Amino acid sequence: MKKEDTVKLISSEGMEFVIDKEAAMVSQTIRNMLTSPGGFAEAEHGVVTFPEINAVILEKICQYFYWSLQYSRGKETEFHIEPELTLELMMAANYLHT
Amino acid sequence: MPVLRSREIPPVPPKPPKARSKVDPPATPTQGREQPATRLSSPHSLTPSPKTAGSVSGSAPSSLRRSLRLSSKGSSNVGDQVGLPEVERCIESSNGDVSKKRKLSVDVDGGFESGGSRVLSLRSGGKVTKRSPLGDGDVNGGGGGDEVVESNTKGKSIAETEYIEKSERDNEKENVNRKRRFSSEEKGKGKLVVETDLESKDETLVNGSVPDVEVPAEEVKSPDEKPSKRSNRGTNGGRMERFRDTARRNASRFAYFNTQEEEEKEEEDNNNLSMEAEREIPSVEEQIEENVAEDWPGPFSTAMKIIRDRAANLNVRQGSSSSGQVPSVKINWVPQKGKGKEGSKRLAPSLLDLSLRILVDNADAIASLDHVPDALRHKLCQMLCDSRRMNSNLLDLLLSGSPTEIRLKECSWLTEDQFTECFEKCDTSNLTVLQLDYCGQSLADYNVPSTLARSPISLPALTTLSLTGAYRLSDAGLSVLVSSAPALRSVNLSQCSFLTHGAIEILASSLASVLLELFVDDCQSIDAMLMLPSLKKLEHLEVLSVAGLESVTDKFIKEFISARGDGLKELNLSGCGKLTDSSLKIIAETCSILRALDIGNVPKLTDNSFGHLASGCRSLESLKLCRNAFSDDAIAAFLEMSGEILKELALNNVGKVGHNTALSLARRSRNLVSLDLSWCRNLTDEAMGLIVDSCLALRVLKLFGCTQITDVFLCGHSNADVEIIGLKLSPLLEHLKAAVESPLQYSSVSSLI
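So, how was this worked out
- Residues numbered from 1 in each chain as written.
- Chains lettered and ligands numbered in written order.
- Predicted model: local features only at pLDDT ≥ 70, side-chain atom pairs only at ≥ 80, totals over all residues.
- Heavy atoms only, no water.
- Helix = DSSP H or I, 4+ residues; strand = E, 2+ residues; numbered from the N terminus.
- Buried < 20%, exposed > 50% of the residue type's maximum accessible area, 1.4 Å probe, protein only.
- Contact = heavy atoms within 4.5 Å.
- Areas by Shrake-Rupley, 256 points an atom, 1.4 Å probe, with all protein chains shown as cover.
- Axes fitted to C-alpha atoms, helices over the stretch in contact; angles between N-to-C directions.
- Parallel < 35°, antiparallel > 145°, perpendicular 65-115°, else oblique.
- Left-handed = near helix turned anticlockwise from the far one by under 90°.
- Nonpolar A, V, L, I, M, F, W, Y, C, P; charged D, E, K, R; others polar.
- Buried area = accessible area lost by both parts, 1.4 Å probe.
- Salt bridge = Lys/Arg side-chain N within 4 Å of Asp/Glu carboxyl O.
- Polar contact = N/O pair within 3.5 Å; in protein donor to acceptor, adjacent residues only side chain to side chain.
- Pairing = 2+ DSSP bridges.
- Core = buried A, V, L, I, M, F, W, Y, C linked by side-chain atoms within 4.5 Å.
- pLDDT = per-residue confidence, 0-100.
- Phe/Tyr/Trp six-rings, centres within 6.5 Å; stacked < 30°, edge-to-face > 60°.
- Right-handed = clockwise from strand over helix to strand, strands pointing away.

Engineer: Residues and numbers for the overall build of chain A, please.
Structural biologist: Helix and strand counts for chain A stand at 5 helices and 3 strands. Starting at the N terminus and walking to the C terminus, you meet the elements of chain A as β-β-α-α-α-β-α-α. By residue count, 43% of the 98 residues in chain A fall in the buried class. Relative to all contacts within chain A whose residues are 6 or more apart in sequence, the contacts with residues 24 or more apart total 59%. Split by element, the accessible area of chain A, about 5400 Å² in all, is 51% carbon and sulfur.

Put into structure tokens, the structure is as follows:
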């Protein structure tokens, strides 16, 4: 993966997730961060920090991004979510507009 | 009374009759924009065949002066006869030439009876008049004669004569004027503007504020121009030719009009006439208004005529002349195969939805709802209530801490004990929104004090309260509740069948200055007239819903709206079966900032209501109809005038909706988001396709019961954003998902403090 096509998402614990830009753009919030004019640090460096989202949830979210891309390309599978994560995942998803 | 019937009253003597084109004034805009919209009504006056030769002589001249006509309320003949000399006189006063011409025509008229061949009846579909572009006199005579004969039949000749005369007078200029006027009208703009260059010899006739008066005004101006026109007679030959051609073309259109429609137009004319006559003869107006209960404002009736003529036009063009049958306007739309849907990416379900679904499935495993924002709580509760998984444990979770908003759209599972238990220990000091719909089983007078109204300050922040279906709550219980919630802004007491007008009195006494929204749908024990005094005390009421209250009458509406209507933003009168057009008239006149109106299931409303609405409520964004008896034309005309700002429109089971409405929707409703056309069986695939492809903001289209819609539309339309509900086996309840609401519909809570 080329550097220019990726973004880095950092969880509250500091764990970093490097994913495709296209995948990250599934989240409306991240899309706005990266594309809005205004010289935001996120857009410049391609790094977004989420101090309120822990690593487990953020990982699940990244998995969702790729699943979503896959789904829209035609491959419709099921996205499994562990029930324990659901509540926090829901709130994170709400925040990320995804 | 023939005098009253014909609308067009040329106040001045006729110009040299140039061409018939003047006669067919109110052609529809689509007809080449030659005719002024105000003349629309005149076609009716162009009676087809000259049946009665009797009143020929009298009718023509009397039409020249409107005041004359009105004053001569006797028999048409008599009146005409009387009017004739008067006409001649005034003609002479204005223009000697004109009078001369007038006489000519009169003579012709007299001699006409013997020579009936001069005029071709319109009904025959042929040329309206047989004019030869000879000298003025000849033409004039011919024109006069023609007019007389033609208009004579139904006593509407008056209008005709003048039109013919007029046409000859100021062809080009008037044509231009009419064109201009027409196009502005066609654009659906409100008032027609009287041309400034029009002068009137008859002040009473010139009335800039009444669009319909344009006609007489225009004609008034003719005599002035006549002299100048007469000077260049020579150049008029070509124009006359043109006008004749126009007349030829339009004649067959008029030939289509049958008695029924002419009478319809007559009624319209009567209405318009009544407006014009207001200044002159009040008695006449009253008489007219007695006969015709409508007094549509000019622009709306004009729009209606445009719509009607649009259909009639097409009909004639197609050569058919089926009388008595409203032809359906042709709609050009072809399905674009896969245009907007080319591999439209299937949107993956959002992570939020996925997680919510899992939460609902595992609701019992939820340990805590702390830190979950209110919006998410509401969504969760909604889905839980829909799937009937809501229980008291979850309610405890919701009530834990110091909740700010509680929205339970369905509490029928909640028993009285559970309710008491849950709410006894709930800290309600921060509660701003409390919605316990269908809580009849749980809420009664005796447990209000122990749960919700534990102290006079137990609900200090409560702005929105909804206790629908609390059938055991009486006025006393409500009183206790309200006394603990002094900041209430919105109260929904729908279906609380125990409450009487005393409840409204209680609300008015403590919340008169703050209450913004009141819903008392289906409260069967509340008598509308008895609660009227209390309602009037609510100073800032924005939303009132009295759906289903049979005691709501015209009198109630009249008194309430006069008192508080100017602040109303939403009014729900669905199911108030006793209301008639007069209520809508008052609403339209007073409620200028009305944004949402629901008049479904009010069967007595007629098209006049639309006339009132179109001219009155200019901010209307949401209109809901259901099972109303409105005609296709009326709805189409309303959309032409007010369709731009409309966001939500429901025409559920308004059976007469047809192609005219579809066309108007497509042309005007750019901001329409939600459209309900369920049970509108007259709409074809083409009409639907046109609507959906033109209303680009449309997101929801409900088509329940529209079995006539096929895949031609469903697969052929190119609007990718619209969701069509009701045809296929789609999850029906999806469309019932309410958006998360803010505490108040039209104000924000912070603005109140």
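Text resumes after the structure shown.
Engineer: So what about the overall build of chain B? Which residues, and what values?
Structural biologist: The helix and strand inventory of chain B stands at 29 helices and 13 strands. Each of the 753 residues in chain B was classed as buried or not, and the buried ones make up 60%. Taking the intrachain contacts of chain B between residues at least 6 apart in sequence as the baseline, contacts between residues at least 24 apart amount to 79%. Surface exposure of chain B reaches about 27100 Å², of which carbon and sulfur atoms provide 52%.

Engineer: Break down unusual backbone geometry for me, citing the residues and quoting the values.
Structural biologist: Residue and element names in this part refer to chain B. Its identity as a non-glycine residue notwithstanding, Tyr438 has a phi of 60 degrees, on the positive side. Structurally, Tyr438 can be placed in the loop between strand S2 (433-436) and helix H19 (448-451). With a relative accessible area of 44%, Tyr438 lands in the partly exposed category. Of note in this structure, Gln495 is not a glycine but carries a positive phi near 60 degrees.

Engineer: Quick rundown of the packing of helix H17 (residues 392-399) of chain B against helix H18 (residues 416-424) of chain B? Include the residues and the values.
Structural biologist: Residue and element names in this part refer to chain B. Where H17 contacts H18, the axes come no closer than 10 Å and their chain directions differ by 20 degrees. The orientation of H17 relative to H18 falls into the category roughly parallel. As for the relative orientation of H17 and H18, their crossing is right-handed in sense. Every residue of H18 that contacts H17 at Ser392, Leu395, Asp396 and Leu399 is listed here: Gln418, Cys422 and Phe423. Split by residue class, the contact of H17 with H18 holds 4 nonpolar, 2 polar and 1 charged.

Engineer: With reference to specific residues and values, describe the interface of chain B and chain A.
Structural biologist: For interface size, the figure often reported is the accessible area lost on association. With 21 residues of chain B in contact, the opposing surface of chain A contributes 18 residues. When chain B packs against chain A, close to 1700 Å² is buried across both sides, 78% of that on carbon and sulfur atoms. Our count for the contact surface shared by chain B and chain A stands at 0 salt bridges. At the boundary of chain B and chain A, one finds 4 residue pairs in polar contact (both at pLDDT 80 or more). By residue number, the principal contributor to the side of chain B that touches chain A is helix H15 (residues 351-361) of chain B, which donates 7 residues.

Engineer: So what about the environment of Asp374 of chain B? Which residues, and what values?
Structural biologist: Residues and elements named next belong to chain B. Along the chain, Asp374 falls in helix H16 (residues 374-386). Note on Asp374: relative accessible area 22%, which makes it partly exposed. Once residues lying within four places of it in the same chain are set aside, the contact partners of Asp374 are Thr404 and Glu405.

Engineer: Explain helix H25 (residues 607-616) of chain B to me, and be specific about the residues and the numbers.
Structural biologist: Counting buried positions along H25 of chain B yields 9 of 10 residues, so the element is predominantly enclosed. Listed as buried for H25 of chain B are Asp607, Asn608, Ser609, Phe610, Gly611, His612, Leu613, Ala614 and Gly616 of chain B.

Engineer: Can you explain the pairing of strand S2 (residues 16-20) of chain A? Please cite residues and give values.
Structural biologist: All names here are of chain A. Pairing geometry for strand S1 (residues 6-10) and S2, over 5 bridges, is antiparallel. From the neighbouring strand, Lys8 faces S2, where its bridge partner is Val18. The antiparallel hairpin formed by S1 and S2 contains 5 residues in its connecting segment, where Gly14 sits at a positive phi of about 100 degrees.

Engineer: Break down the packing of helix H27 (residues 659-668) of chain B against helix H28 (residues 685-694) of chain B for me, with residues and values.
Structural biologist: Each packed pair of helices is defined by two parameters, the angle between the axes and the distance between the axes. All names here are of chain B. The geometry of H27 relative to H28 is characterised by a closest axis approach of 8 Å and an angle of 15 degrees between their N-to-C directions. Classified by the angle between their axes, H27 and H28 sit roughly parallel to one another. You can see that H27 and H28 cross each other, and the crossing is left-handed. Between H27, through His659, Ala662, Leu663, Leu665 and Ala666, and H28, the contact on the second element is made entirely by Ala687, Leu690, Ile691 and Ser694. Residues belonging to the contact of H27 with H28 are distributed by class as follows: 7 nonpolar, 2 polar and no charged.

Engineer: Explain the pattern of salt bridges to me, using residue names and the numbers behind them.
Structural biologist: All names here are of chain B. The final tally for this structure, using the stated rule, is 19 salt bridges over all chains. A salt bridge links Arg388 to Glu410, with the shortest nitrogen-to-oxygen separation between them at 3.0 Å. Taken together, the residues span a long stretch of sequence, with Arg388 in the loop between H16 and H17 and Glu410 in the loop between strand S1 (405-408) and H18 at a distance of 22 residues. With relative accessibility at 52%, the residue Arg388 sits in the exposed group. A salt bridge links Arg699 to Asp721; the shortest N-O distance between them is 3.7 Å. You can see Arg699 sitting in the loop between H28 and strand S12 (700-702) and its partner Asp721 sitting in the loop between helix H29 (711-714) and strand S13 (723-725), a full 22 residues away along the chain.

Engineer: How would you sum up the environment of Val712 of chain B? Please name residues and give values.
Structural biologist: All names here are of chain B. When you line up the elements, Val712 lands in helix H29. Residue Val712 is classed as partly exposed on the basis of its relative accessible area, which comes to 39%. Spatially, the C-alpha atoms of Val712 and Pro335 are 6.8 Å apart, while their sequence positions differ by 377 residues. Setting aside residues no more than four positions away along its own chain, Val712 makes contact with Trp333, Pro335 and Asp685.

Engineer: I'd love a proper account of the nonpolar core, names of residues and values included.
Structural biologist: One finds Leu9 of chain A together with Leu408, Leu518, Leu535, Ile599, Leu623 and Leu677 of chain B to be the most contacted residues of the largest nonpolar core, which totals 176 residues. Not counting residues within four places of it along the chain, the set of residues in contact with Leu623 of chain B comprises Leu597, Ile599, Phe610, Leu613, Phe638, Leu646, Glu648, Leu649 and Ala650 of chain B.

Engineer: I'd like a rundown of the confidence of the model for chain A, residues and numbers included.
Structural biologist: Here chain A shows a mean pLDDT of 89. Residues at 70 or above account for 97%. Mean pLDDT across the elements of chain A ranges from a minimum in helix H3 (residues 41-45) of chain A, with 79, to a maximum in S2 of chain A, with 94.

Engineer: Quick rundown of the side chain of Ser669 of chain B? Include the residues and the values.
Structural biologist: Residue and element names in this part refer to chain B. Relative to the elements of secondary structure, Ser669 occurs in the loop between H27 and strand S11 (674-676). Assessed through its relative accessible area of 1%, Ser669 is described here as buried. Sequence-distant contacts of Ser669, defined by excluding residues within four places in its chain, comprise Leu639, Gly643, Ser664 and Cys695.

Engineer: Lay out the environment of Val722 of chain B in plain terms, naming residues and giving numbers.
Structural biologist: Its location among the elements puts Val722 of chain B in the loop between H29 and S13. Setting aside anything within four residues of it in sequence, one finds Val722 of chain B in contact with Val692, Leu698, Arg699, Val700, Leu701 and His717 of chain B.

Engineer: Go over the packing of aromatic side chains, please, and point to the residues and values.
Structural biologist: Residue and element names in this part refer to chain A. Going through the model one piece at a time under the given rule, you end up with 9 aromatic pairs over all chains. Here Tyr64 and Phe79 contribute two aromatic rings whose centre-to-centre distance is 5.6 Å and whose plane-to-plane angle is 70 degrees, an arrangement assigned as edge-to-face. Taken together, the residues Tyr64 in helix H4 (residues 55-72) and Phe79 in the loop between H4 and helix H5 (83-96) connect sequence positions 15 residues apart. Tyr64 sits in the buried class, given a relative accessible area of 2%. On the accessibility criterion, Phe79 (11% relative accessible area) is buried.

Engineer: I'd love a proper account of the confidence of the model for chain B, names of residues and values included.
Structural biologist: All names here are of chain B. Scored by pLDDT, chain B comes out at a mean of 70, with 54% of its residues at no less than 70. Across residues 124-235, where pLDDT falls below 50, the model places 402 contacts with residues more than four positions away in sequence or in other chains. For the stretch residues 338-343, pLDDT sits under 50, and the model shows 6 contacts to residues farther than four places along the chain or on other chains. The ipTM for the predicted assembly is 0.93, set against a pTM of 0.63.

Engineer: Describe the pairing of S2 of chain B, naming the residues involved and giving the relevant values.
Structural biologist: Residues and elements named next belong to chain B. Here S2 shows no split at all, with Val433 and Gln435 on one side and Leu434 and Leu436 on the other all buried. In the sheet, S1 pairs with S2 via 4 bridges, with the strands oriented parallel. Each bridged residue has a counterpart across the sheet, and for Glu405 the counterpart in S2 is Val433. After leaving S1, the chain enters H18 and then returns to the sheet as S2, a path that is right-handed. With 3 bridges connecting them, S2 and strand S3 (residues 464-466) associate as parallel partners. Looking at the pairing, Val433 lines up with Thr464 of S3.

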